[in-house]
Amino acid sequence: MISNSRSAPTEPSVPPQEESLGWPASDAFSLNPVEPLDLSSRLDPYWEQLWAPGSQAVWSTKDILDVPRVTPVYKKYHQTVDEAVEKFFNGKFFDQKLSFLGALDSWRTMTAQQVSAFTGMPEFSDVNSFPLSNLFMAGLIDIGVFNDPIARLDRRLGSIYRPTDSNSFKKYIEPRLTYPEWLHITGGTPWTSGGQYDRHNVLATELGLRCAEYLDIGSVLGEKYASVDLLAGSGLGKNVDKPDNRRADGVIVRKDGLRIAYELTANDGADFERKIRRWADLISQRPLETSGLVVVYVTAGHPARLGTSANPRVATHNTLVRVLREYPSRGVDSPAQRIGIASWDEWFPARHQLSDRFLNLTANFATGTGKGISQWESKNLLDMPFAPHHSFNATAINSNMKMLGQTPWWMREGDHTHLIGTPLGRQNLAPPIPTYYRGYEPKFREFGIATGNLEGHRITLPDRLKAQWKSRNSE
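The shown structure was predicted, so the numbers you read here are calculated from the model rather than taken from an experiment.

So, the sheet that holds strand E5 (residues 159–163)
In any sheet, the strands associate via hydrogen bonds between backbone groups, in a parallel or an antiparallel arrangement. The strand order E2-E4-E5-E3 describes an open sheet built from four strands, whose pairing is antiparallel. The open sheet has two free edges, formed respectively by strand E2 (58–60) and strand E3 (110–111), since each of these has just one partner strand. Judged from the three bridges that link them, E2 and strand E4 (residues 141–145) form a sheet pairing that is antiparallel. From the neighbouring strand, Val58 faces E4, where its bridge partner is Val145. Across the sheet, helix H3 (residues 94–107) lies against E3, E4 and E5, angled at about 80° from E5, the strand it touches most.

Quick word on the layout of surface pockets
Looking at the largest pocket, its volume works out to about 1,400 Å³. Forming the walls of the largest pocket are 48 residues, and the residues nearest its centre are Tyr197, His200, Asp249, Leu264 and Lys275. Mapped by element, the contributors of at least two residues to the lining of the largest pocket are helix H8 (198–214), helix H9 (228–232), strand E8 (259–265) and helix H10 (272–285). If one sorts the elements of the lining of the largest pocket by residue count, H10 sits on top with five residues.

Remarks on empty space enclosed by the protein
Within this structure, the stated rule accounts for two cavities of 30 Å³ or more. The space that makes up the largest cavity amounts to roughly 50 Å³. Roughly 30 Å³ of volume is contained in the second largest cavity. Taken together, Trp107, Arg108, Asn201, Ala204, Thr205, Glu223 and Asp249 form the lining of the second largest cavity. Element by element, the count of residues in the lining of the second largest cavity is highest for H8, at three residues.

Structural notes on the nonpolar core
Counting residues in each nonpolar core, the largest one holds 119 residues, and the members touching the most others are Phe100, Leu101, Ile141, Leu207, Trp279 and Phe358. With residues up to four places along the chain from it excluded, the contact list for Phe100 reads Val115, Thr119, Phe124, Leu132, Leu135, Ile141 and Tyr161. Counting residues in each nonpolar core, the second largest holds eight residues, with Leu43, Trp51, Ala57 and Ile160 among its members.

Rules and cut-offs
Residues numbered from 1 in each chain as written. Predicted model: local features only at pLDDT ≥ 70, side-chain atom pairs only at ≥ 80, totals over all residues. Heavy atoms only, no water. Pairing = 2+ DSSP bridges. Helix = DSSP H or I, 4+ residues; strand = E, 2+ residues; numbered from the N terminus. Contact = heavy atoms within 4.5 Å. Axes fitted to C-alpha atoms, helices over the stretch in contact; angles between N-to-C directions. 1 Å grid on protein atoms, 1.4 Å probe; cavity = no way out; pocket = protein on both sides within 12 Å on 5 of 7 lines; lining within 4 Å. Points joined across faces, edges and corners; volume = space filled by probe spheres on them. Core = buried A, V, L, I, M, F, W, Y, C linked by side-chain atoms within 4.5 Å. Buried < 20%, exposed > 50% of the residue type's maximum accessible area, 1.4 Å probe, protein only.

Pasting the structure below:
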(Lines give C-alpha, C1' and ligand atoms only; values in the text may rest on other atoms or scores of the structure.)
Protein backbone atom coordinates (compact mmCIF):
# COMPACT_ATOMS: atom_id res chain seq x y z
CA MET A 1 0.00 0.00 0.00
CA ILE A 2 1.28 3.49 -0.88
CA SER A 3 1.20 6.01 1.95
CA ASN A 4 0.50 9.64 1.36
CA SER A 5 2.83 11.74 3.52
CA ARG A 6 0.88 14.91 2.66
CA SER A 7 -2.54 13.64 3.74
CA ALA A 8 -4.85 16.19 5.34
CA PRO A 9 -4.75 16.53 9.16
CA THR A 10 -7.59 14.92 11.10
CA GLU A 11 -8.58 18.29 12.57
CA PRO A 12 -8.89 21.58 10.69
CA SER A 13 -5.69 23.60 11.01
CA VAL A 14 -6.75 26.85 9.35
CA PRO A 15 -9.63 29.25 10.00
CA PRO A 16 -12.73 28.51 7.92
CA GLN A 17 -13.36 30.54 4.80
CA GLU A 18 -15.17 33.73 5.78
CA GLU A 19 -18.50 34.25 4.06
CA SER A 20 -17.79 37.95 3.67
CA LEU A 21 -20.78 40.17 3.11
CA GLY A 22 -20.01 42.40 0.18
CA TRP A 23 -21.76 45.35 -1.34
CA PRO A 24 -21.41 47.12 -4.68
CA ALA A 25 -18.38 49.38 -4.98
CA SER A 26 -20.71 51.94 -6.55
CA ASP A 27 -22.30 52.36 -3.09
CA ALA A 28 -18.95 53.16 -1.45
CA PHE A 29 -17.20 56.52 -1.60
CA SER A 30 -14.42 56.47 -4.18
CA LEU A 31 -11.54 58.93 -3.95
CA ASN A 32 -11.19 58.65 -7.74
CA PRO A 33 -13.63 61.31 -8.98
CA VAL A 34 -13.54 60.28 -12.65
CA GLU A 35 -16.59 58.05 -13.02
CA PRO A 36 -15.51 56.01 -16.07
CA LEU A 37 -12.28 55.09 -14.23
CA ASP A 38 -13.53 53.99 -10.80
CA LEU A 39 -13.76 50.37 -9.68
CA SER A 40 -17.43 49.94 -10.52
CA SER A 41 -16.72 50.99 -14.13
CA ARG A 42 -13.52 48.99 -14.73
CA LEU A 43 -13.18 45.38 -15.78
CA ASP A 44 -12.73 43.16 -12.75
CA PRO A 45 -9.55 41.24 -13.64
CA TYR A 46 -10.20 38.57 -10.99
CA TRP A 47 -13.91 37.73 -11.04
CA GLU A 48 -14.32 38.24 -14.78
CA GLN A 49 -11.62 35.57 -15.26
CA LEU A 50 -9.75 37.46 -17.95
CA TRP A 51 -7.26 34.59 -18.05
CA ALA A 52 -7.82 30.87 -18.16
CA PRO A 53 -5.73 29.04 -15.53
CA GLY A 54 -2.06 29.02 -16.54
CA SER A 55 -2.48 31.25 -19.60
CA GLN A 56 -0.62 34.42 -20.56
CA ALA A 57 -1.46 37.48 -22.61
CA VAL A 58 -0.61 37.92 -26.29
CA TRP A 59 1.73 40.87 -26.92
CA SER A 60 2.58 43.23 -29.76
CA THR A 61 5.95 44.98 -29.72
CA LYS A 62 7.50 47.60 -31.93
CA ASP A 63 10.06 45.06 -33.18
CA ILE A 64 7.24 42.79 -34.32
CA LEU A 65 5.51 45.72 -36.01
CA ASP A 66 8.71 46.53 -37.93
CA VAL A 67 8.57 43.13 -39.65
CA PRO A 68 6.87 43.33 -43.09
CA ARG A 69 3.32 42.07 -42.77
CA VAL A 70 0.08 41.71 -44.68
CA THR A 71 -2.17 42.51 -41.74
CA PRO A 72 -2.83 46.28 -41.62
CA VAL A 73 -2.41 48.31 -38.45
CA TYR A 74 -4.05 51.51 -37.28
CA LYS A 75 -3.02 54.55 -39.30
CA LYS A 76 -1.74 56.33 -36.17
CA TYR A 77 1.00 53.69 -35.94
CA HIS A 78 2.46 54.74 -39.29
CA GLN A 79 5.27 56.87 -37.86
CA THR A 80 9.01 56.60 -37.39
CA VAL A 81 10.76 56.49 -34.03
CA ASP A 82 11.95 60.08 -34.46
CA GLU A 83 8.43 61.25 -35.26
CA ALA A 84 7.03 59.38 -32.26
CA VAL A 85 9.64 60.85 -29.91
CA GLU A 86 8.97 64.39 -31.14
CA LYS A 87 5.23 63.91 -30.64
CA PHE A 88 5.92 62.55 -27.16
CA PHE A 89 7.66 65.76 -26.13
CA ASN A 90 5.68 68.27 -28.18
CA GLY A 91 2.25 66.67 -28.47
CA LYS A 92 -0.74 66.87 -26.16
CA PHE A 93 -0.87 65.49 -22.61
CA PHE A 94 2.89 65.62 -21.99
CA ASP A 95 2.57 65.55 -18.17
CA GLN A 96 0.14 62.65 -18.31
CA LYS A 97 2.45 60.66 -20.60
CA LEU A 98 5.21 61.11 -18.04
CA SER A 99 2.86 59.76 -15.38
CA PHE A 100 1.95 56.84 -17.64
CA LEU A 101 5.62 55.83 -17.89
CA GLY A 102 6.12 56.31 -14.15
CA ALA A 103 3.19 54.04 -13.34
CA LEU A 104 4.31 51.35 -15.78
CA ASP A 105 7.91 51.51 -14.55
CA SER A 106 6.74 50.73 -11.02
CA TRP A 107 3.72 48.42 -11.39
CA ARG A 108 5.17 46.53 -14.40
CA THR A 109 2.01 45.25 -16.14
CA MET A 110 -1.28 47.16 -16.13
CA THR A 111 -4.62 47.01 -17.88
CA ALA A 112 -5.56 49.97 -20.05
CA GLN A 113 -8.21 50.98 -17.52
CA GLN A 114 -5.75 50.79 -14.63
CA VAL A 115 -3.37 53.13 -16.45
CA SER A 116 -6.25 55.52 -17.10
CA ALA A 117 -7.27 55.41 -13.44
CA PHE A 118 -3.70 56.08 -12.23
CA THR A 119 -3.25 59.04 -14.58
CA GLY A 120 -6.80 60.41 -14.81
CA MET A 121 -6.69 60.00 -18.59
CA PRO A 122 -9.51 57.98 -20.24
CA GLU A 123 -7.67 58.33 -23.57
CA PHE A 124 -5.01 55.88 -22.38
CA SER A 125 -7.60 53.10 -22.54
CA ASP A 126 -7.78 53.34 -26.34
CA VAL A 127 -4.89 51.76 -28.26
CA ASN A 128 -5.99 53.77 -31.30
CA SER A 129 -5.32 57.10 -29.59
CA PHE A 130 -2.38 59.34 -30.50
CA PRO A 131 -0.76 59.18 -27.02
CA LEU A 132 -0.69 55.38 -27.13
CA SER A 133 0.70 55.21 -30.65
CA ASN A 134 3.46 57.69 -29.69
CA LEU A 135 4.50 55.60 -26.70
CA PHE A 136 4.41 52.36 -28.70
CA MET A 137 6.25 53.60 -31.78
CA ALA A 138 8.91 55.27 -29.63
CA GLY A 139 9.68 51.78 -28.35
CA LEU A 140 8.63 52.54 -24.77
CA ILE A 141 5.70 50.15 -24.23
CA ASP A 142 4.32 46.86 -25.48
CA ILE A 143 0.58 46.37 -25.96
CA GLY A 144 -1.13 43.07 -25.18
CA VAL A 145 -4.59 41.58 -25.16
CA PHE A 146 -6.34 38.97 -23.04
CA ASN A 147 -5.93 35.54 -24.55
CA ASP A 148 -9.57 34.62 -25.11
CA PRO A 149 -10.39 33.91 -28.76
CA ILE A 150 -14.17 34.02 -28.32
CA ALA A 151 -14.37 37.09 -26.08
CA ARG A 152 -15.80 40.31 -27.49
CA LEU A 153 -13.90 42.79 -25.37
CA ASP A 154 -13.84 46.36 -26.56
CA ARG A 155 -10.24 47.15 -27.53
CA ARG A 156 -10.42 50.22 -25.30
CA LEU A 157 -11.08 47.97 -22.32
CA GLY A 158 -9.28 44.74 -23.08
CA SER A 159 -5.73 45.97 -23.67
CA ILE A 160 -2.82 45.66 -21.25
CA TYR A 161 0.53 47.47 -21.23
CA ARG A 162 4.06 46.76 -20.04
CA PRO A 163 7.47 48.49 -20.40
CA THR A 164 9.29 47.30 -23.49
CA ASP A 165 12.55 45.40 -23.14
CA SER A 166 14.73 47.88 -25.01
CA ASN A 167 17.04 50.86 -24.49
CA SER A 168 14.58 53.32 -26.07
CA PHE A 169 13.91 55.21 -22.84
CA LYS A 170 17.59 55.69 -22.10
CA LYS A 171 18.41 56.58 -25.73
CA TYR A 172 15.52 58.82 -26.78
CA ILE A 173 13.66 60.06 -23.70
CA GLU A 174 15.96 60.34 -20.69
CA PRO A 175 18.46 62.80 -22.25
CA ARG A 176 15.66 65.33 -22.91
CA LEU A 177 13.98 65.19 -19.51
CA THR A 178 14.42 67.77 -16.80
CA TYR A 179 15.34 66.51 -13.34
CA PRO A 180 11.76 66.68 -11.96
CA GLU A 181 10.45 64.84 -15.05
CA TRP A 182 13.10 62.13 -14.80
CA LEU A 183 12.40 61.75 -11.08
CA HIS A 184 8.65 61.58 -11.74
CA ILE A 185 9.14 58.59 -14.04
CA THR A 186 12.01 56.67 -12.43
CA GLY A 187 12.10 57.69 -8.77
CA GLY A 188 15.82 58.32 -9.22
CA THR A 189 16.61 54.75 -10.27
CA PRO A 190 17.15 53.20 -13.72
CA TRP A 191 14.19 52.51 -15.98
CA THR A 192 13.58 48.76 -15.88
CA SER A 193 11.61 46.19 -17.85
CA GLY A 194 11.83 42.90 -15.94
CA GLY A 195 9.44 40.77 -13.93
CA GLN A 196 6.65 40.37 -16.44
CA TYR A 197 3.98 38.04 -15.03
CA ASP A 198 0.76 39.18 -16.61
CA ARG A 199 -2.04 38.00 -14.32
CA HIS A 200 0.04 38.37 -11.16
CA ASN A 201 1.11 41.95 -11.92
CA VAL A 202 -2.35 43.06 -13.02
CA LEU A 203 -3.91 41.75 -9.79
CA ALA A 204 -1.16 43.35 -7.68
CA THR A 205 -1.82 46.66 -9.45
CA GLU A 206 -5.57 46.30 -8.97
CA LEU A 207 -5.13 45.73 -5.23
CA GLY A 208 -2.96 48.82 -4.87
CA LEU A 209 -5.42 50.87 -6.91
CA ARG A 210 -8.41 49.73 -4.84
CA CYS A 211 -6.59 50.58 -1.61
CA ALA A 212 -5.80 54.06 -2.91
CA GLU A 213 -9.38 54.48 -4.08
CA TYR A 214 -11.32 53.35 -1.00
CA LEU A 215 -9.01 53.42 2.05
CA ASP A 216 -7.83 56.34 4.17
CA ILE A 217 -4.12 55.74 3.65
CA GLY A 218 -0.99 57.75 2.86
CA SER A 219 0.23 56.16 -0.35
CA VAL A 220 0.66 52.95 -2.33
CA LEU A 221 3.91 51.69 -3.85
CA GLY A 222 4.35 49.43 -6.84
CA GLU A 223 6.74 46.53 -7.18
CA LYS A 224 9.73 48.72 -8.05
CA TYR A 225 9.57 50.50 -4.69
CA ALA A 226 8.75 47.35 -2.71
CA SER A 227 12.25 45.92 -2.68
CA VAL A 228 13.75 44.44 0.46
CA ASP A 229 16.56 46.95 0.20
CA LEU A 230 14.18 49.94 0.24
CA LEU A 231 11.92 48.49 2.94
CA ALA A 232 14.62 47.28 5.32
CA GLY A 233 17.99 48.41 3.97
CA SER A 234 19.05 51.61 2.24
CA GLY A 235 15.54 53.01 2.60
CA LEU A 236 16.17 53.01 6.36
CA GLY A 237 19.82 53.97 6.14
CA LYS A 238 20.88 50.38 6.90
CA ASN A 239 22.42 47.40 5.16
CA VAL A 240 20.68 44.13 4.34
CA ASP A 241 22.61 40.90 3.95
CA LYS A 242 22.18 39.65 0.39
CA PRO A 243 19.19 41.82 -0.59
CA ASP A 244 19.56 40.63 -4.24
CA ASN A 245 16.37 41.47 -6.15
CA ARG A 246 13.83 40.40 -3.53
CA ARG A 247 10.70 42.52 -3.42
CA ALA A 248 7.04 42.43 -2.50
CA ASP A 249 4.32 42.92 -5.10
CA GLY A 250 3.31 46.27 -3.60
CA VAL A 251 3.17 48.30 -0.39
CA ILE A 252 0.26 50.03 1.32
CA VAL A 253 1.52 52.90 3.48
CA ARG A 254 -0.71 54.15 6.28
CA LYS A 255 -0.78 57.85 7.10
CA ASP A 256 1.34 57.17 10.18
CA GLY A 257 3.99 55.50 7.99
CA LEU A 258 3.33 51.81 8.73
CA ARG A 259 4.34 49.84 5.63
CA ILE A 260 2.09 46.90 4.70
CA ALA A 261 4.02 44.93 2.09
CA TYR A 262 1.71 42.58 0.24
CA GLU A 263 2.47 39.41 -1.70
CA LEU A 264 -0.09 37.77 -3.99
CA THR A 265 0.09 34.02 -4.28
CA ALA A 266 -1.84 31.72 -6.59
CA ASN A 267 -0.05 28.47 -5.73
CA ASP A 268 2.07 26.83 -3.06
CA GLY A 269 5.05 25.77 -5.16
CA ALA A 270 8.36 24.56 -3.82
CA ASP A 271 9.72 28.11 -3.65
CA PHE A 272 6.85 29.45 -1.55
CA GLU A 273 8.08 28.28 1.86
CA ARG A 274 11.50 29.76 1.18
CA LYS A 275 9.93 33.15 0.42
CA ILE A 276 7.99 33.19 3.68
CA ARG A 277 11.08 32.16 5.62
CA ARG A 278 13.11 35.01 4.13
CA TRP A 279 10.44 37.54 5.11
CA ALA A 280 10.32 36.07 8.61
CA ASP A 281 14.09 36.27 8.91
CA LEU A 282 14.12 39.87 7.72
CA ILE A 283 11.33 40.93 10.07
CA SER A 284 13.09 39.31 13.03
CA GLN A 285 16.05 41.64 12.35
CA ARG A 286 14.02 44.85 11.98
CA PRO A 287 11.97 46.04 14.98
CA LEU A 288 8.59 47.51 14.12
CA GLU A 289 9.36 50.89 15.67
CA THR A 290 12.38 51.48 13.41
CA SER A 291 11.09 49.89 10.18
CA GLY A 292 7.29 50.05 10.28
CA LEU A 293 7.25 46.84 8.25
CA VAL A 294 4.53 44.19 8.24
CA VAL A 295 3.71 41.65 5.51
CA VAL A 296 0.40 40.22 4.32
CA TYR A 297 0.03 37.32 1.90
CA VAL A 298 -3.10 37.57 -0.23
CA THR A 299 -4.13 34.24 -1.73
CA ALA A 300 -5.55 34.76 -5.19
CA GLY A 301 -6.12 31.35 -6.72
CA HIS A 302 -8.01 31.35 -9.99
CA PRO A 303 -11.78 31.66 -9.36
CA ALA A 304 -12.37 28.42 -11.23
CA ARG A 305 -10.24 26.62 -8.63
CA LEU A 306 -11.54 28.14 -5.40
CA GLY A 307 -13.48 25.04 -4.40
CA THR A 308 -10.69 22.62 -5.23
CA SER A 309 -7.41 21.46 -3.71
CA ALA A 310 -5.65 23.88 -6.09
CA ASN A 311 -6.87 26.81 -3.98
CA PRO A 312 -3.69 27.97 -2.18
CA ARG A 313 -5.51 29.25 0.92
CA VAL A 314 -5.08 26.18 3.15
CA ALA A 315 -1.51 25.50 2.00
CA THR A 316 -0.52 29.13 2.64
CA HIS A 317 -1.77 29.03 6.23
CA ASN A 318 -0.07 25.70 6.90
CA THR A 319 3.21 26.86 5.39
CA LEU A 320 3.27 30.01 7.53
CA VAL A 321 2.69 27.93 10.70
CA ARG A 322 5.51 25.61 9.71
CA VAL A 323 7.92 28.51 9.21
CA LEU A 324 6.91 30.26 12.43
CA ARG A 325 7.98 27.23 14.45
CA GLU A 326 11.51 28.48 13.82
CA TYR A 327 10.59 31.86 15.36
CA PRO A 328 8.75 30.99 18.60
CA SER A 329 8.44 34.54 19.95
CA ARG A 330 5.00 36.15 19.89
CA GLY A 331 6.16 39.63 20.93
CA VAL A 332 5.25 42.82 19.07
CA ASP A 333 8.36 42.58 16.87
CA SER A 334 8.00 38.88 16.08
CA PRO A 335 7.25 37.46 12.61
CA ALA A 336 4.06 35.90 14.02
CA GLN A 337 2.69 39.35 14.87
CA ARG A 338 3.78 40.89 11.57
CA ILE A 339 3.02 38.31 8.85
CA GLY A 340 -0.65 37.75 8.07
CA ILE A 341 -2.75 36.00 5.45
CA ALA A 342 -5.84 37.24 3.63
CA SER A 343 -7.84 35.97 0.65
CA TRP A 344 -8.86 37.93 -2.43
CA ASP A 345 -12.34 36.41 -2.37
CA GLU A 346 -12.81 37.41 1.30
CA TRP A 347 -11.79 41.01 0.62
CA PHE A 348 -13.71 41.16 -2.68
CA PRO A 349 -16.54 38.57 -2.50
CA ALA A 350 -17.82 39.11 -6.04
CA ARG A 351 -17.40 41.23 -9.14
CA HIS A 352 -17.15 44.93 -8.24
CA GLN A 353 -17.86 44.22 -4.56
CA LEU A 354 -16.06 45.26 -1.37
CA SER A 355 -16.25 43.73 2.10
CA ASP A 356 -15.60 44.93 5.65
CA ARG A 357 -12.53 42.73 5.71
CA PHE A 358 -11.05 44.77 2.86
CA LEU A 359 -12.05 48.14 4.28
CA ASN A 360 -10.18 47.20 7.47
CA LEU A 361 -7.49 45.11 5.73
CA THR A 362 -8.37 42.18 7.98
CA ALA A 363 -5.92 39.25 7.91
CA ASN A 364 -5.29 36.06 9.88
CA PHE A 365 -2.26 35.90 12.21
CA ALA A 366 -0.89 32.79 13.95
CA THR A 367 -0.73 34.49 17.33
CA GLY A 368 -3.26 32.43 19.30
CA THR A 369 -2.32 30.23 22.27
CA GLY A 370 -3.85 26.98 21.06
CA LYS A 371 -3.40 24.64 18.14
CA GLY A 372 -5.32 24.11 14.94
CA ILE A 373 -7.97 26.76 14.35
CA SER A 374 -7.45 28.30 17.80
CA GLN A 375 -3.94 29.44 16.90
CA TRP A 376 -5.36 31.93 14.39
CA GLU A 377 -6.56 35.45 15.21
CA SER A 378 -8.11 38.00 12.86
CA LYS A 379 -6.57 41.46 13.07
CA ASN A 380 -7.18 44.68 11.20
CA LEU A 381 -3.98 45.95 9.61
CA LEU A 382 -5.37 49.49 9.48
CA ASP A 383 -5.71 49.42 13.30
CA MET A 384 -2.40 47.75 14.15
CA PRO A 385 -0.61 49.78 16.86
CA PHE A 386 2.50 51.57 15.61
CA ALA A 387 4.66 54.05 17.51
CA PRO A 388 7.73 54.91 15.40
CA HIS A 389 11.01 55.54 17.16
CA HIS A 390 11.97 59.22 17.42
CA SER A 391 14.88 58.60 15.02
CA PHE A 392 12.59 57.14 12.33
CA ASN A 393 10.76 59.62 10.10
CA ALA A 394 8.12 57.11 9.10
CA THR A 395 5.82 59.53 7.27
CA ALA A 396 8.41 61.07 4.94
CA ILE A 397 7.62 58.38 2.38
CA ASN A 398 4.09 59.71 1.93
CA SER A 399 5.41 63.15 0.99
CA ASN A 400 8.07 61.76 -1.33
CA MET A 401 5.65 59.53 -3.22
CA LYS A 402 3.65 62.59 -4.27
CA MET A 403 6.42 63.39 -6.74
CA LEU A 404 6.19 60.07 -8.59
CA GLY A 405 4.03 59.05 -11.53
CA GLN A 406 3.52 55.62 -9.98
CA THR A 407 1.17 57.23 -7.45
CA PRO A 408 -2.54 57.58 -8.36
CA TRP A 409 -3.11 61.12 -9.54
CA TRP A 410 -5.52 62.19 -6.79
CA MET A 411 -2.86 61.34 -4.18
CA ARG A 412 -0.17 63.55 -5.75
CA GLU A 413 -1.87 66.63 -7.18
CA GLY A 414 -0.23 69.94 -6.35
CA ASP A 415 3.18 71.59 -6.41
CA HIS A 416 5.85 69.59 -4.58
CA THR A 417 8.88 71.50 -5.88
CA HIS A 418 9.89 72.38 -2.32
CA LEU A 419 10.80 68.73 -1.77
CA ILE A 420 13.58 68.85 -4.37
CA GLY A 421 14.35 72.57 -4.53
CA THR A 422 15.55 74.55 -7.52
CA PRO A 423 18.36 73.64 -9.94
CA LEU A 424 20.64 76.17 -8.23
CA GLY A 425 19.72 74.90 -4.81
CA ARG A 426 20.52 71.30 -5.75
CA GLN A 427 23.99 72.51 -6.75
CA ASN A 428 24.38 74.40 -3.47
CA LEU A 429 24.62 77.68 -5.38
CA ALA A 430 23.11 80.96 -4.26
CA PRO A 431 20.77 82.94 -6.55
CA PRO A 432 22.61 85.56 -8.60
CA ILE A 433 22.63 89.05 -7.07
CA PRO A 434 22.72 91.94 -9.57
CA THR A 435 25.67 94.36 -9.35
CA TYR A 436 24.58 97.94 -8.96
CA TYR A 437 26.45 100.79 -10.58
CA ARG A 438 26.17 104.50 -11.48
CA GLY A 439 27.05 105.44 -7.94
CA TYR A 440 23.95 104.36 -6.06
CA GLU A 441 22.07 101.30 -4.84
CA PRO A 442 18.33 101.06 -5.39
CA LYS A 443 15.90 100.37 -2.58
CA PHE A 444 16.08 96.75 -1.38
CA ARG A 445 13.87 94.47 -3.40
CA GLU A 446 13.22 90.82 -2.56
CA PHE A 447 14.86 88.51 -5.04
CA GLY A 448 12.36 86.98 -7.41
CA ILE A 449 10.02 89.99 -7.56
CA ALA A 450 9.71 91.39 -11.07
CA THR A 451 10.00 95.05 -12.05
CA GLY A 452 8.67 97.20 -14.84
CA ASN A 453 5.60 95.89 -16.61
CA LEU A 454 5.71 92.73 -14.47
CA GLU A 455 6.05 94.55 -11.16
CA GLY A 456 4.12 92.88 -8.37
CA HIS A 457 4.41 89.43 -9.91
CA ARG A 458 6.82 86.83 -8.59
CA ILE A 459 9.16 85.26 -11.11
CA THR A 460 8.89 81.49 -10.80
CA LEU A 461 10.54 78.45 -12.28
CA PRO A 462 9.40 77.24 -15.71
CA ASP A 463 6.83 74.46 -15.45
CA ARG A 464 9.25 71.77 -16.62
CA LEU A 465 11.56 72.56 -13.69
CA LYS A 466 8.79 72.09 -11.14
CA ALA A 467 7.60 68.94 -9.40
CA GLN A 468 4.01 69.91 -10.09
CA TRP A 469 1.62 67.26 -11.33
CA LYS A 470 -2.04 67.21 -12.17
CA SER A 471 -4.44 65.08 -14.15
CA ARG A 472 -5.91 66.16 -17.45
CA ASN A 473 -9.24 66.53 -15.64
CA SER A 474 -7.91 69.30 -13.42
CA GLU A 475 -6.48 71.36 -16.26
